[in-house]
Amino acid sequence: MAFLPVILWSDVLIWLLFATAAIFGWLSVRNPLWRTAWQRVGRSRAGMASATVLVVFVGVGLLDSIHYRPRLEEAAASAASGTSRQPPAYAVEVLSVLDAILTPLRTRNEKTYSEPLATRAYAKESIESRGADGQLQQSRDYPRLKHGGAHLGTDETQRDADIGQRLLRALALATLLWWALAAATAAGLARAESCTHEEAWRRIWHNESDFAWNAVLATIGVLLLVVLPLAALSFNYHVFGTDKVGQDVFYQVLKSVRTALVIGLVTTLVTLPLAIFLGVLAGYFRGWVDDLIQYLYTTLSSIPGVLLIAAAVLMMQVLIDNHPQWFATAAERADLRLLALCFILGVTSWTGLCRLLRGETLKLRELEYIQAAQAFGVADLRIIGRHILPNLMHIVIIALVMDFSSLVLAEAVLSYVGIGVDPTMISFGTMINNARMELAREPMVWWSLAAAFVFMFTLVLAANLLADAVRDAFDPRIAGSA
Amino acid sequence: MLAYLVRRLLYALPILIGVNVITFALFFVVNTPDDMARMQLGVKRVTPEAIDKWKAQRGYDKPLFINDAASGSAVFTDTIFFSKSARMFAGDFGRAEDGRDIAREITSRMGPSLAIALPTFVLGLLVTVSFALMLTFFRASYLDFWGVVLCVAMMSISGLFYIIGGQFLISKLWKLVPISGYGSGLDAWKFVILPVLIGVISGIGSSTRWYRTIFLEEISRDYVRTARAKGLSELVVLFRHVLRNAMIPILTGVVVVIPLLFMGSLLTESFFGIPGLGSYTIDAINAQDFAVVRAMVFIGSVLYIVGLILTDLSYTFVDPRIRFN
Amino acid sequence: MRFPRLALLSLLLMLTACASEQNDPYPKAERGKNILYSAFTDRPKHLDPVQSYSEDEITFTAQIYEPPLQYHYLKRPYTLIPATSESVPVPRYYDAEGRELPADAPAAEIARSVYDIRIRPGIRYQPHPAFATDGKGQPVYGDLDAGKLHGIDAIADFAVTGSRELVADDYIYQIKRLAHPRLHSPIFSMMGERIIGLRELGSTLREADRELPPGAWLDLDRFSLAGVSRLDRYTYRIELRGKYPQFPYWLAMPFFAPVPREVDRFYSMPGMAEKNLTLDWYPVGTGPFMLTRNDPNSRMVLERNPNFHGETYPCVGEPGDAAAGLLDDCGKALPFIDKAVFSREKEAIPYWNKFLQGYYDASGISSDSFDQAVRLGVGGDVRLTDEMREKGIRLLTSVRPSVFYMGFNMLDPVVGGLSEQATKLRQALSIAIDQEEFISIFMNGRGIAATSPLPPGIFGYLEGEAGSNPVVYDWVDGRPRRKSIEEAKKLLAEAGWPNGRNARTGEPLVLNLDTTSGGMGEKSRLDWLTRQFAKLDIQLVVRSTDFNRFQEKIRKGAVQLYYLGWNADYPDPENFLFLLDGTDGKVAVGGENASNYVNPEYDRLFERMKNMESDGPRGAERLAIIREAIALLQHDAPWIFGFHPKSYTLGHSWLHNRKSTDVGNNILKYQRIDVAGRERLRQQWNEPVLWPLLAAVLLLVAVILPAAVGYRRRERGTAR
């Protein structure tokens, strides 16, 4: 085999979440109440536009969640000497499918800083060359980049023209693709609603369909206009420049996406079971169970969050450091630390949701039909499963989408303080941490920070907008009035 | 009322014990007393004897929770946990690992923390509530729409960017205030402006949106419609009825926070070099100073509980119908 | 229109308030005073001379305490000169029978070295309440307790102060304090080996302390120390076991500064420690400055000691010093400044900006602000940028007496051992890791690649080809050139790992590097390292841990490669070469040899070298031995020699007499400030930019105006 698949724990959890989401979606379709709620989400233009953006981010994250170790090339010397077959050896470096796609971005490292789209380095250097007379000559200039615009050869004046050409081509392609997509959508809609194409087209753009197609199409259009030019340029230039050790910043922001997604999503895997189980238990059984659970969450939430996280992260770090034999690669170590961070964030953030669910359950169990069920001697578990849980789901969904963005933001702050993800893992937090010193440089190095800002802002903004749409659709108070 | 207070305070006791056990357990899984000794004694020329001496002197040579060697109640009392935690309930925080009195340090650092946190809080509340009221007044108009969009955009920006950007623009480029530091007494004002400004701005997004939701909920109620029907102007309705009735949900969120203002803000203080409790905490975490971390956690929990009690009390002032039983 | 007028008024007020230097971080009252402004990053933990050892602390302690010796401010190589003593003591040697030996006697015969130190009479301590006496000569504050201390929170709150003359007993008292059972002196165990009777005093004191109630004062004068004695009021004698030529260097450190008995007694009265009134917090000394404000969270203030015994600025220095204006103040009385204010600056950006704005008089340059300040010229010479030179900023450089290295654990089965194969593997790696590139990327060239453990300026360091490392470099065109990666690959193949694969099993070579985590640019640094190893097709696994865990792993020998650095205590080659002394192995005896390198030949050379003096007749012999030892190290390659960091300091034009020194720390007394010049430039550099304020007001109006208009329209609408 040319590679050895590596299954990181976070990969498993991410794909598990993906599967859960799929199952949940299928269940939602069958449940009329949820279906109408989701349809409300589907009608929200802001919600659907941001969902489209999020799909792209999730796609990048999922591609980055299939890992493998490439096989090392056979040692040439031993192959020639004809020794017996060697067992295949694999690199210690763990790559993902995204890494494989982005190989040019990942491997084309410069020496140090270079501006976006530059062909020369950002700082002057002494360059040595041998003159015609064989004497060493030194001069001071901006050295040519090894990879940025390398295809131009010595003819650097062609850069602007080359970039313009690539941009034009990418834009043309984007427009073409978009028209094709829009036409296909219209055709699909026409068949589904059995009307003419013109009618479907009109419905899409006059907001008359049951789904915010116009928002989705417009977003896709914008995305195409951004992504295709980026793609067209990124393989020959450093679109967002390079960082201190010459790594492509564009590559780094793309890698950060997965970290943010894992933090924002996997954490809920810890939060939800704890909060739902304990919250329902406390609200339904009351008495000493309630007291105990209340005690537990009051105690936990009264500890200042950062201190709790700091202590717990340090503890995990010690555990990891003391057991190096658990990890075959550095990626696995970093992955465990990431999961530990998710776990700890989950432990510190379940209390709020738990309190909400407890209150809601207290209210629900007083309802007549549940009282009646109890009087008929229906088992408690059955009542919880049949009547209480489904009625809590809207709170859970709202909490889930609302938490996502705050978790992504929290990661950046924690990594800045030094208790976030592993320092070898690319994340928005580590990027900001590394880049913030660069603002003080003169001339200022702004692109790392700017790239991290733009990507993080887009991700969080999309998440926030989707959260709003979901809340509006699921919250019975708001949804009822709308 | 008094009986209620006493009962609440008694409830707090087991919570504080629980907090102590958790921090203690977490910290000593991370750090053996040996680690702490090595951290405090520095890097160069540290001998095992010096470490033992350090531990013995500070009482870290005892067992953690249970002392098998002792007899009677000493099994539990002659341990690190008991000797280090029990005294905290009497308000005695002991000394930091570098020998300095923690209680003293905390009192001297409270001032700077409050000087930043209090104006940020008050100004932030004023700005966001009035902004939210404005949005409510213009509800369902373009002003409202763009206001909300602005809020969502502002809350999607990481707090780090506000600080980095603010420092860069206001201090570095425009040279309006010192970039960091702190002065005592009246000199403090110019150091306070920038952190407070950044603190207020970074909080606008989420708080405004939250208050706006509360106001909107309130404004759709029947009594508001009645008031309007009586011919009261929109402003009067907003301020006299909506704002007052929205107080309860606002208080729930706000009063809990007030005592915690003493703890300062970790990020702001470390970025702006303010010698407050937030930077004290960060330093203690980095230096693995257990005594300080434990004291800060303890104080944080006490303040949180005080906040909860205050919240309950404040309800009675806002809404006399709520009684304690 | 009441509203806009109000806004206009407040705007005007703001504008007048913002005349200039709105960003001055210091109180207005301090403007125009003879004060030096500086910064510190990490708070000093200990100011007690027995305990303080770190660089953050010595910045302060060196100005306050005066040990018997000091380093000459200008001369290089570093030279010891008297501080409070009358001369630099010359040891006398005795053999086991007590017969005096000549100075050049072989080290093996010497059983005892005796140092007689005579201090100058008439030196007085800074004013301090511990010295305050009433009419009868009794201390004013002799019996304080918690009650009497009510209302007193700092040393300045004591009404009466006093002073007294420095005597030999104060020095003796401090040496005894090294063995104090309640203090942790980092050098106690090391000095216990040297100073006769110190170890025994330690155990005696421990016993005595056990009998005292906790917290009670332990009067050290009740106990005698065999190896330290008082000869007369101004003279004391220290006796050492064997020969220890490096001892005078220790006499220039605050560990050997005087601490009067009454001060120790004063601080151990009940209730003092609870108020942070300790020697650790309020040091007492005879030096040119005294600590008047100790707020390590924000500000430390040193003020001129009115009782300072007086000293004059040196008149001789290095060749270039006269041209640099460093001799202009020759013979003038020290210190020049009245006060020094140290502000705490944790973040690099504010530090650098405040320096550029003129609010710090001198500053180090962090790697990120380097481009802004310094240009590396053709041929590697360093020049300031035009922008800096316009501001009149001056650059000071020096190579620090430290070395950073990547060590191999010599006990490791793969990279360790002195077998030829392992040695070749280490040599190959030494070539592959391009230190020059590291220095240029991560340190902006602020360092020089190391070829041995010895940094420049230390006896035994050689320039040019003789000092190069022939294992790693070729000497071409009159300068070193790193050997090509092909040669490293060849070595690797000879070591049994062709192309990074085991020649027999075909397994890839995977190496583990342990580092401590934290710090800036960590990730990029590790990425860079991985790439260096990849050049040889070696897979590098980096395991970063926290510092304690790292130390523990090294102690257990559970590492393969590790990253460490060493800062010298004193400028002698012994202080570097002992890091590879085979008898001082980390795993074996918990010593300082973290690589556990044992080469009997090297140990023999080290043993001979360490007891020799660098100057004098046997200097040449010592040099030869050192070169031989270094050649062994270069061949065995137990370390990949990293670099010696250079310190670059920038000083503003108004700061005079600044010379970088990395060993002597009592530099504050030599600094002079042109206060008027500073005022002028600060004002010029700190014109605030006001249009953003205007813009902000306009923006506010732009937001409020539509709202107001909308409100009116709506009101009218409802009225209709």
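Residues numbered from 1 in each chain as written. Chains lettered and ligands numbered in written order. Predicted model: local features only at pLDDT ≥ 70, side-chain atom pairs only at ≥ 80, totals over all residues. Heavy atoms only, no water.

Structural notes on the domain arrangement of chain B
Residue and element names in this part refer to chain B.
- Here chain B is described as being made up of domain 1 (2–90) and domain 2 (103–318).
- Summarising the inter-unit geometry, the C-alpha centres of domain 1 and domain 2 are found 35 Å apart.
- The interface of domain 1 with domain 2 comprises 22 residues on the first partner and 17 residues on the second.
- For the domain 1 and domain 2 pair, buried surface summed over both sides reaches about 1700 Å², with 74% attributable to carbon and sulfur atoms.
- Of all residues in domain 1, Arg8, Phe27 and Met88 bury the most surface against domain 2, accounting for 29% of the area lost on that side.
- Counting every contact that joins domain 1 to domain 2 gives 1 salt bridge.
- Of the charged contacts in the structure, one is a salt bridge between Arg8 and Asp312, with a shortest N-O distance of 2.4 Å.
- Linking domain 1 to domain 2 there are 2 residue pairs in polar contact (both at pLDDT 80 or more).
- Elements that contribute at least two residues to the side of domain 1 that touches domain 2 include exactly helix H1 (2–30), helix H2 (33–41) and helix H5 (80–85). (Domains from an automatic or database assignment. Contact = heavy atoms within 4.5 Å. Buried area = accessible area lost by both parts, 1.4 Å probe. Salt bridge = Lys/Arg side-chain N within 4 Å of Asp/Glu carboxyl O. Polar contact = N/O pair within 3.5 Å; in protein donor to acceptor, adjacent residues only side chain to side chain. Helix = DSSP H or I, 4+ residues; strand = E, 2+ residues; numbered from the N terminus.)

Details of the nonpolar core
- Grouped together as the largest cluster of nonpolar side chains are 93 residues, with contacts concentrated most on Ile263(A), Leu357(A), Ile102(B) and Met296(B).
- Shared between two domains, this core holds at least three residues of each, these being domain 1 (2–90) and domain 2 (103–318) of chain B.
- Discounting chain neighbours no more than four positions away, the residues touching Leu357(A) are Ala275(A), Ile276(A), Gly279(A), Leu392(A), Ile395(A) and Val396(A).
- One finds Ile426(A), Met456(A), Phe474(A) and Ile198(B) within the second-largest nonpolar core, a separate group that totals 88 residues. (Core = buried A, V, L, I, M, F, W, Y, C linked by side-chain atoms within 4.5 Å. Buried < 20%, exposed > 50% of the residue type's maximum accessible area, 1.4 Å probe, protein only.)

Quick look at helix H3 (residues 48–58) of chain B
Residue and element names in this part refer to chain B.
- Within the sequence span of H3, burial applies to Ile51, Trp54 and Lys55. The arc enclosing the buried residues of H3, seen along the axis, measures out at 95°, which places them on a common side.
- The first or second residue beyond H3 is Gly59, which carries a positive phi of 75°. (Arc of directions from axis to C-beta.)

Considering empty space enclosed by the protein
- Inspection of the entire model under this criterion finds 11 cavities of 30 Å³ or more.
- Approximately 110 Å³ is the volume attributed to the largest cavity.
- As for the largest cavity, its lining consists of 11 residues, of which Leu439(A), Ile164(B), Gln167(B), Phe168(B) and Ile349(C) are closest to the centre.
- Of all elements in the fold, only helix H8 (159–173) of chain B together with helix H8 (348–356) of chain C reach the threshold of two or more residues within the lining of the largest cavity.
- Here the element with the most residues in the lining of the largest cavity is H8(B); it accounts for 4 residues.
- Considered class by class, the residues forming the lining of the largest cavity number 7 nonpolar, 2 polar and 2 charged. (1 Å grid on protein atoms, 1.4 Å probe; cavity = no way out; pocket = protein on both sides within 12 Å on 5 of 7 lines; lining within 4 Å. Points joined across faces, edges and corners; volume = space filled by probe spheres on them. Nonpolar A, V, L, I, M, F, W, Y, C, P; charged D, E, K, R; others polar.)

Topic: the packing of helix H17 (residues 447–474) of chain A against helix H7 (residues 142–155) of chain B
- Between H17(A) and H7(B), whose axes approach to 8 Å, the crossing angle comes to 130°. The angle between H17(A) and H7(B) falls in the class oblique. The chirality of how H17(A) crosses H7(B) is right-handed. For the pair H17(A) and H7(B), contact is made by Phe457(A), Val460(A), Leu461(A), Asn464(A), Leu465(A) and Asp468(A) and by Val152(B), Ala153(B) and Met155(B), respectively.
- In terms of residue class, the contact of H17(A) with H7(B) is built from 7 nonpolar, 1 polar and 1 charged. (Axes fitted to C-alpha atoms, helices over the stretch in contact; angles between N-to-C directions. Parallel < 35°, antiparallel > 145°, perpendicular 65-115°, else oblique. Left-handed = near helix turned anticlockwise from the far one by under 90°.)

Section: the pattern of salt bridges
All names here are of chain C.
- Scanning the model with the defined rule gives 70 salt bridges over all chains in all.
- When the shortest N-O distance is used, the salt bridge between Glu165 and Arg233 registers 2.8 Å. Separated by 68 residues along the polypeptide, Glu165 in the loop between strand E6 (112–118) and helix H3 (168–177) and Arg233 in the loop between strand E7 (228–232) and strand E8 (235–241) bring together distant segments of the chain.
- Since its relative accessible area comes to 16%, Glu165 is described here as buried.

Things to note about the packing of aromatic side chains
Residues and elements named next belong to chain C.
- Going through the model one piece at a time under the given rule, you end up with 53 aromatic pairs over all chains.
- Geometrically, the ring pair formed by Tyr171 and Tyr236 is stacked, given 5.3 Å between the ring centres and 10° between the ring planes. Taken as a pair, Tyr171 in helix H3 and Tyr236 in strand E8 lie far apart in primary sequence, 65 residues in all. Both residues of the pair, Tyr171 and Tyr236, belong to the buried class.
- Members of the aromatic cluster, each reached through a chain of ring pairs, are Tyr53, Tyr249, Trp250, Phe255 and Tyr570.
- Stacked on the ring of Tyr94, the Lys or Arg Arg112 has its end atom at 4.8 Å from the ring centre.
- Cation over ring: Lys391 sits above Trp685, and NZ or CZ is 4.5 Å from the ring centre. (Phe/Tyr/Trp six-rings, centres within 6.5 Å; stacked < 30°, edge-to-face > 60°. Lys NZ or Arg CZ within 6 Å of the ring centre and 35° of its normal.)

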